[in-house]
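Examination of the molecular architecture
Now for the letters of each chain:
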Amino acid sequence: MNNSSSIRFQLISSLVLDLIGPTNSILLDLIEHKKEDEAELLKEEILDRGPSRWYQTGFLIPSETNIDSKADETSDDELAGIDGQNLNRADQASRTNASADDTGESEKGPARKVFFPSSIGVSFLLAKSSELEVQISWADYKLISYPKDEETIVEAWQRVPKSSVIQLTKDDIDKGHKGTQRRELPDSKGLFLYWYVQPAPIDQGYPKESKAVSVFLGNKRSLDGDDPDSRDLVSAFQVQLNIICNQGFLERKDPNSLDDLPSMADWDQRVNSLHYRNDKEYAVGHNISISANQDQEGCYQISSEWLPQAIVEKVSPTEIKGVELSMEKLDHLANKGFEFVQEALRPMVISYKSWIEEQMNISGLNSIQEETKIKLLDEAKKHQLRIQEGINLLGDEKVCKAFAITNRVMAKAAQQRFGKMLGKDPNQIEAKWRPFQLAFLLMNLVGTNDPMSPDREIIELLFFPTGGGKTEAYLGLAAFTLVLRRLRHKGEISSAGMSVLMRYTLRLLTLDQLGRSATLICALEIERKKDPETLGEWPF
């Protein structure tokens, strides 16, 4: 049975294999998932062309490569690499079916040349001189004659997996203070490990004996010829570094969290310093990303990552006691009388105020973080006031009626959309706001209603992960704007025309948003036809 975890693994594996190739970690993961046959094929795969024209990244070219040959000659090629063949894998035998976006002209490649790296590195901190184990894995590719069929022999490239382990003693680490040290990897024909050591910056609060260590892997192989094939013969592919320290790595301090950080420092840096104060960082990559294997006791292994990954936790809406979130019920309450709908919404302001007070009591912050916290919560108090003012504005007859119709059409649109997605009767779907969506609508009622409101000077930014509900939030406000305009102009021609402008930068996102916006407009149009005297004869 495929669960979300296994599907995610398959997607990531396919992406890594397509962009980087069969890294050592991917091969081990395939074996762990009982895919030994696939791992065996990949281990010594055979390609119909040079690997640098098959894989986009993950390799180191020789440092003596001239500047022209260091550039990625396909970086501005729209269809580069889509028609290659992996000759010994039936399941991925061809890329000839790949095609450019058929909805229009594809975007051009980068204006500047992209250069292939000759080295990658990792910088980290040690509490004191300690032994390190550096595990290096890579693959060389060699030219072979391959029998494509009974009559045809073709030139192909076969993968040759390689690995090496370098032990760095305390003395080796101490030598790094004298200058950059290096050691050639056995059986590598010119791959070198470099390391450099210097004292950790004491002014950032690190212990006196702590060390700042940088470890690099460089390709110093000799290159004969300037063509890509000659370069690929001496390049190292699917390069991976694992650095292990049994004493553990020292956590890096965020310079933006220091007490002496200037008060005029970048605001985003100050906010990040507050929000992510409990997140730990143990290393920085050079020409590459890194991942730190952490547990409750600390970090003992750092690995290089050509394709960095991060877990984005799902944001789920919470229930606020006493707050009515049902769109249909809010419609009913608003039609019953403004005092009823106001009573159903006031607990939201009370709950938000209580949350702000809880955040004010957070301790353990330095002076800069405390100052940032106060400024953020002062902004939150302004939003709390705007939500309250929006609820108060529902006492206006037209605003309350527009709010009722907004909930009605949003409910119909949600029922239609989720009914189709879930294969259910739309009438069986209970349409509800997420708390932040309803709060967003309420806090913008005053600014939408009054053209002279100071709120018109504010640009609102909804920042949520995909699937968090941003679209419904702004579509709800769009519906309110459209309906209020109709009510004010009694459905006359002056109420028609453009009321909301939407713009999207990604083609697929545009199509998705178009469908959802069209569903809402259809719901509005159905409602207009029921009461043309109020909403006018002109279609939405």
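To start, this report covers the structure provided alongside it. Everything numeric in this text was worked out from a predicted model, so none of it was measured. (Residues numbered from 1 in each chain as written. Predicted model: local features only at pLDDT ≥ 70, side-chain atom pairs only at ≥ 80, totals over all residues. Heavy atoms only, no water.)

Okay, the sheet that holds strand 2 (residues 119-126) next. Pairing within the open sheet is antiparallel, and its five strands lie in the order 5-6-7-2-9. With partners counted over all chains shown, the strands left at the sheet margins are strand 5 (181-184) and strand 9 (283-286), one partner each. Going across the sheet, the axis of each strand differs from the next one's by a mean of 20°, ignoring polarity. As paired elements, strand 2 and strand 9 share four bridges and run antiparallel to each other. Considered in strand 9, the bridge of Val122 is made with Gly285. (Pairing = 2+ DSSP bridges. Helix = DSSP H or I, 4+ residues; strand = E, 2+ residues; numbered from the N terminus. Axes fitted to C-alpha atoms, helices over the stretch in contact; angles between N-to-C directions.)

Running from amino to carboxyl end, helix 2 (residues 24-32) crosses helix 3 (residues 36-43) at an angle of 155°, the nearest separation of the two axes being 7 Å. With respect to their mutual orientation, helix 2 and helix 3 come out roughly antiparallel. The way helix 2 lies across helix 3 gives a crossing that is left-handed. Here helix 2 contributes Leu27, Leu30 and Ile31 to the contact with helix 3, which in turn contributes Glu36, Glu38, Ala39, Leu42 and Lys43. Here the residues of the contact of helix 2 with helix 3 sort into five nonpolar, no polar and three charged. (Parallel < 35°, antiparallel > 145°, perpendicular 65-115°, else oblique. Left-handed = near helix turned anticlockwise from the far one by under 90°. Contact = heavy atoms within 4.5 Å. Nonpolar A, V, L, I, M, F, W, Y, C, P; charged D, E, K, R; others polar.)

Right, let's talk about the sheet that holds strand 10 (residues 289-295) for a bit. Sheet architecture is open: six strands sit in the order 1-4-3-8-11-10, paired in antiparallel fashion. Bordering the open sheet on either side are strand 1 (46-47) and strand 10, each of which pairs with just one other strand. The pairing of strand 3 (residues 132-147) with strand 8 (residues 237-244) spans six bridges and is classified as antiparallel. The residue bridging Ile136 from the neighbouring strand is Leu241, located in strand 8.

The analysis is restricted to geometry; functional conclusions fall outside its scope.
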